[in-house]
Amino acid sequence: MADLQDELHTTAEVGAFEPLVVEAGAGDGHADEADAAGADLLPRAHALLAAHPVADGYSGLPWALRHLSWYDLEIGESAVDTDLPRLREGHVGALFWSLHLPEGLVGERAVGATLEQLDLVRTVVEAHPEGLRMAHSAAQVTDARNCGRVAVLPGPAGAAALDDSLGILRSLRALGLRVLTLSGASWAGVNGLTRFGEEVVREMNRVGVVADLSGASDATLRRALTISKAPVLCTRSAARALRPHPANLPDDLLAELGAAKGLCLVPLTAEQTGPSVRDVADHLDHVRDLAGPECVGLSGTYDSGAAHPRGLADASGYPRLVAELLGRGWSAADLALLTWGNVQRVLRTADFTARAAQVRREPSTASIAELDG
Amino acid sequence: MTQVTDIPSLDAARALLAEFPVVDGHNDLPWALREQVRYDLDARDIAADQSAHLHTDLARLRAGGVGAQYWSVYVRSDLPGAVTATLEQIDCVRQLIERHPADLRAALTAADMEAARAEGRIASLMGAEGGHSIDNSLATLRGLYELGVRYMTLTHNDNIAWADSATDEPAVGGLSPFGHEVVREMNRLGMLVDLSHVAATTMRAALDTSTAPVIFSHSSARAVCDHPRNIPDDVLERLPANGGVAMVTFVPKFVLQAAVDWSAAAEENMRANGFHPLDSTAEAMKVHHAFEESHPRPVATVPTVADHLDHIREVAGVDHLGIGGDYDGTPFTPDGLGDVSGYPNLIAELLDRGWSKADLAKVTWQNSVRVLGAAEDVAREEQSRRGPSNATLEQLDG
């Protein structure tokens, strides 16, 4: 666990920012005042993000690019929400690229379409060597960051991509898959995980694929929290207490997620969080209060077809959000965890868990027919 | 196993293989493991003697002087879900390599093959057997390459939308426009184009388009034994210009004319009993063995196979010859080549026929390594000129 401690230590060192935060702590009043305070805090937000960039938990870019005949992310691409100038402006340091497929793609077609998505991710990253770099582990994310590149992590993919086969899970992992959403398959339904579903989670732990539970049933989330040896993610979940969206998490689940040291990545979508920067900040406050500062993160959810809050229309808006949080008295240490540290912690713990599990467990040959009958 | 040659040449063969081991183009162990034990690798541990169940285990690979093996990630072409099954086959090969690090080494390049030889490990490569494994998607083709697949046979026993098989009715007359694009993309990637199983028209079309050497991972000479799975002389004659390699297979029903005829009758019998001719389940094998009881099976021998090597050397030249046993992919094998330990018998036979050691080193090792290296060189060149192709079957074939 030495590496984990290193990571936390780095975070603590940014205490230099603390006085700035205290100074702006009272900005909780009138709308205009808050905006003024936000503008005032913007340079500090930029400085903080320069040290601790955003690890963004969800981008729909691969599917959006699939339908463009030509694009250049390096110069800037108006047809999508995400390009390198805006990623740099928003201080995005790592980005999960969703491999989710449209509904209805199942069985072998889902496997084929997922291979095509992974191929597209690889092709796009290779075509932008100055800006992007593929990363398959926490260490590679750090490397990419140190080279000034945005780390691209393939995932989450939907559960349908496995076509009910652990061999396919391992092959997709070999191709770089890092996160899998536990919904959209017979083994992860409204009643929770079946026996095969639990075996999928164990095999994911063994190979280092992190479980994503946004969109999964409450029963699946609870079961995954119990059996997963590595922390889980919710790549796109806000607080249901503030906004009753089915993918948002109720308070009790947020508390359970926090107790299990999972990570709730709050999406910047009008539908799930509300139409303004302050609405997003309200969700972040709420999730932090219930799950803890080590268990909350950010999920841009750009290029997924969702509408975004004003001021957060694309990846360049993150400093505005961080300024708002500074205005609300978030400490620099908590902000560093929010933007970067928590995602790195989850990836690194998943890497450790996999390494430890591989010593103890052989690849699972279980089939869905055997376990679920 | 019948000892077919005298001891001195067998010793010489073993000595030669110790230095220049066999690169075998095709072994169906992964499919056998899928069918027999559903990938329960403990139930068929190749570190132990598996001669009761398989042609292949580590001790016999060592005894056979095998230094590199293309493990076939074959899946049946008459069932849906080929991409899914291919990924599972690839996973199986990766597990085998992980389980036996002292004997097997994953190899993705010619340099890896040489490194494995230097370490005394068996270079383990993968070959996909049939274009059905990519489901008409060049992105899926690239996914297979990324996972380590280094050749793809363009078809198996059935036609696919963009290429004709040797054992099906002609449909597109070789390769369709999309089929040519698949070959170009394989060249760009550095994945070898394998022309075993394909129709002669497809072989010629692929040779027209391919800028890299091609292989025949397990095919013999049609002039010696007239079976559509074998290579016609006009195609063999093009190998020197192309630089490719014909890896001679041992399958009796392809190398011995009497076995060709017997096999046609046996397959007819399987169909009459309601089994797919390639079905290898216990029940199907029972039917097969019953037929064999009443119809004595013509026996191929080491000299039968050597005749094919002699012929291909005449027509294509010794620089374009290799070996592809098809072990665990065929129920029957020639006498003296009963499993993967048999290669020294073949080398001894060729020594007895006067083949030089230098020529045999080419056949066993050098030619096949050269071909993969040449494909890598072509890939580097092509990649400097063009990016990945996303052409579709619909676009090109209408």
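Residues numbered from 1 in each chain as written. Chains lettered and ligands numbered in written order. Predicted model: local features only at pLDDT ≥ 70, side-chain atom pairs only at ≥ 80, totals over all residues.

If you check an unreviewed UniProt entry, chain A appears there as Membrane dipeptidase from Streptomyces apricus.

## Let's talk about the overall build of chain A
Regarding its fold elements, chain A presents 16 helices and twelve strands. Counting over 373 residues, chain A shows a buried share of 58%. Sequence-distant contacts, at least 24 apart, represent 76% of the contacts inside chain A between residues at least 6 apart. (Helix = DSSP H or I, 4+ residues; strand = E, 2+ residues; numbered from the N terminus. Buried ≥ 20, exposed ≤ 12 C-beta atoms within 10 Å, placed from the backbone. Contact = placed C-beta atoms within 7 Å.)

## A look at the interface of chain A and chain B
With 19 residues of chain A in contact, the opposing surface of chain B contributes 22 residues. Among the elements of the structure, helix H6 (107-127) and helix H8 (166-174) of chain A are those that each provide at least two residues to the side of chain A that touches chain B. In terms of residues, the side of chain A that touches chain B owes the most to one element, H6(A), which gives nine residues. Grouping the constituent residues of the side of chain A that touches chain B by class yields eight nonpolar, six polar and five charged. (Nonpolar A, V, L, I, M, F, W, Y, C, P; charged D, E, K, R; others polar.)

## Here's the deal with the sheet that holds strand S4 (residues 150-154) of chain A
All names here are of chain A. In space, the four strands of this open sheet follow the order S1-S2-S4-S3, with parallel pairing throughout. Taken across any chain shown, the strands that pair with only one partner, and hence form the sheet edges, are strand S1 (54-59) and strand S3 (132-134). Within the sheet, the average angular offset between the axes of one strand and its neighbour, ignoring direction, is 25°. In terms of strand pairing, S3 meets S4 through three bridges, oriented parallel. When the bridges of S4 are listed, Arg 133 appears paired with Ala 151. Along the sheet, helix H15 (residues 332-360) makes contact with S1 and strand S2 (92-97), crossing S1 at roughly 70°. (Pairing = 2+ DSSP bridges. Axes fitted to C-alpha atoms, helices over the stretch in contact; angles between N-to-C directions.)

## Overview of helix H1 (residues 7-19) of chain B
In an α-helix, one full turn covers 3.6 residues, which means residues spaced three or four apart are oriented alike. Residues and elements named next belong to chain B. For H1, which comprises 13 residues, the first-to-last C-alpha distance of 19 Å matches the rise-based estimate of 18 Å (1.5 Å per residue) to within 8%. Burial in H1 covers these residues: Ala 13, Leu 16 and Leu 17. The arc enclosing the buried residues of H1, seen along the axis, measures out at 95°, which places them on a common side. Exposed positions of H1 whose direction lies more than 90 degrees from the buried face are Ile 7, Pro 8, Asp 11 and Ala 18. Buried-residue contacts for H1 involve strand S1 (22-27), helix H15 (343-352) and helix H16 (357-385). (Expected span 1.5 Å × (residues − 1). Arc of directions from axis to C-beta.)

## What to know about helix H11 (residues 251-259) of chain A
Residues and elements named next belong to chain A. Of all the positions in H11, only Leu 253, Leu 254, Leu 257 and Gly 258 are classed as buried. Projected down its long axis, H11 carries its buried residues within an arc of 140°, all on one side. In H11, those exposed residues whose orientation departs by more than 90 degrees from the buried face are Asp 252 and Ala 259. For H11, the secondary structure elements touched by its buried residues are helix H10 (218-227), strand S10 (233-234), strand S11 (263-267) and helix H13 (277-291). Phi turns positive, to about 60°, at Lys 261, one or two residues after H11.

## Some details on the domain arrangement of chain B
Interfaces are often sized by the amount of accessible area the parts lose when they come together. All names here are of chain B. Partitioning chain B into structural domains gives domain 1 (11-256 + 300-393) and domain 2 (267-298). Distance between the C-alpha centres of domain 1 and domain 2: 26 Å. Listed as interface residues are four residues of domain 1 and, on the opposing side, four residues of domain 2. In terms of residue class, the side of domain 1 that touches domain 2 is made up of three nonpolar, no polar and one charged. (Domains from an automatic or database assignment.)

## Focus: the packing of H13(A) against helix H14 (residues 318-327) of chain A
Residues and elements named next belong to chain A. Running from N to C, H13 and H14 cross one another at 60°; their axes reach a closest spacing of 10 Å. Classified by the angle their axes make, H13 and H14 are oblique. Of the two elements, H13 crosses H14, and the hand of that crossing is right-handed. Along the contact surface, H13 presents Val 277, Arg 278, Val 280, Ala 281 and Leu 284, while H14 presents Arg 320, Leu 321, Glu 324 and Leu 325. Considering only residue class, the contact of H13 with H14 consists of six nonpolar, no polar and three charged. (Parallel < 35°, antiparallel > 145°, perpendicular 65-115°, else oblique. Left-handed = near helix turned anticlockwise from the far one by under 90°.)

## Re the pairing of strand S2 (residues 66-72) of chain B
Residues and elements named next belong to chain B. Of all seven residues making up S2, seven are buried, and the element is well covered by its neighbours. In this structure, S1 lies alongside S2, joined through four bridges in parallel fashion. When the sheet's bridge partners are listed, Val 23 is paired in S2 with Ala 68. As paired elements, S2 and strand S4 (residues 122-129) share five bridges and run parallel to each other. Bridge pairing links Ser 72 to Gly 127 in S4.

## Some thoughts on the nonpolar core
A:Val152, A:Ala211, A:Cys264, A:Val322, B:Val149 and B:Ala246 are the most contacted members of the largest nonpolar core, which has 237 residues in total. The greatest single-element share of this core, amounting to twelve residues, is contributed by H15(A). Beyond its immediate chain neighbours, meaning those up to four positions away, A:Ala211 contacts A:Leu180, A:Leu182, A:Val201, A:Met204, A:Ala224, A:Ser228, A:Val232 and A:Leu233. (Core = buried A, V, L, I, M, F, W, Y, C linked by C-beta atoms within 7 Å.)

## Side note on the environment of B:Asn345
Among the structural elements, B:Asn345 can be located in helix H15. Sequence separation of B:Asn345 and B:Asp11 is 334 residues, and the distance between their C-alpha atoms is 9.8 Å.

## Description of the pairing of strand S8 (residues 245-248) of chain B
All names here are of chain B. Residue alternation in S8 divides its side chains into two sets, Val 245 and Met 247 and Ala 246 and Val 248, and both sets are buried. Where strand S7 (residues 214-216) lies against S8, two bridges are found, and the strand directions are parallel. Each bridged residue has a counterpart across the sheet, and for Phe 216 the counterpart in S8 is Ala 246. For S8 and strand S9 (residues 321-323), the ladder comprises three bridges, and the chain directions are parallel. Among the inter-strand pairings, Met 247 is bridged to a residue of S9, identified as Gly 322.

## Some details on the environment of B:Tyr327
Residues and elements named next belong to chain B. Topologically, Tyr 327 is positioned in the loop between S9 and H15. A count of 31 C-beta atoms within 10 Å places Tyr 327 in the buried class. Put simply, Tyr 327 and Ala 241 are 86 residues apart on the chain and 30 Å apart in space, counted from C-alpha to C-alpha. Look past the residues within four positions of Tyr 327 in its chain and what remains in contact with it is Asn 27, His 55, Thr 56, Asp 339 and Val 340.

## Details of the packing of helix H9 (residues 195-207) of chain A against H15(A)
Residues and elements named next belong to chain A. One can describe the packing of H9 onto H15 by two numbers: an axis separation of 6 Å at closest approach and a directional angle of 105°. In this view, H9 runs roughly perpendicular relative to H15, as classed from their interaxial angle. Of the residues in H15, those touching H9 at Asn 205, Arg 206 and Val 207 are Thr 353, Ala 354, Ala 357 and Gln 358. The residue makeup of the contact of H9 with H15, split by class, is three nonpolar, three polar and one charged.

## Overview of unusual backbone geometry
Residue A:Pro156 is bonded to the preceding A:Gly155 through a cis peptide linkage, with omega at 0°. Checked against the element boundaries, A:Pro156 lands in the loop between S4 and strand S5 (157-158). The phi torsion at A:Asp303 lies on the positive side, around 60°, for a residue other than glycine. On the secondary structure map, A:Asp303 appears in the loop between strand S12 (296-299) and H14. In this model, B:His197 sits at a positive phi of 75°, which is unusual for a non-glycine residue. In this fold, B:His197 is placed in the loop between strand S6 (192-194) and helix H8 (200-209).

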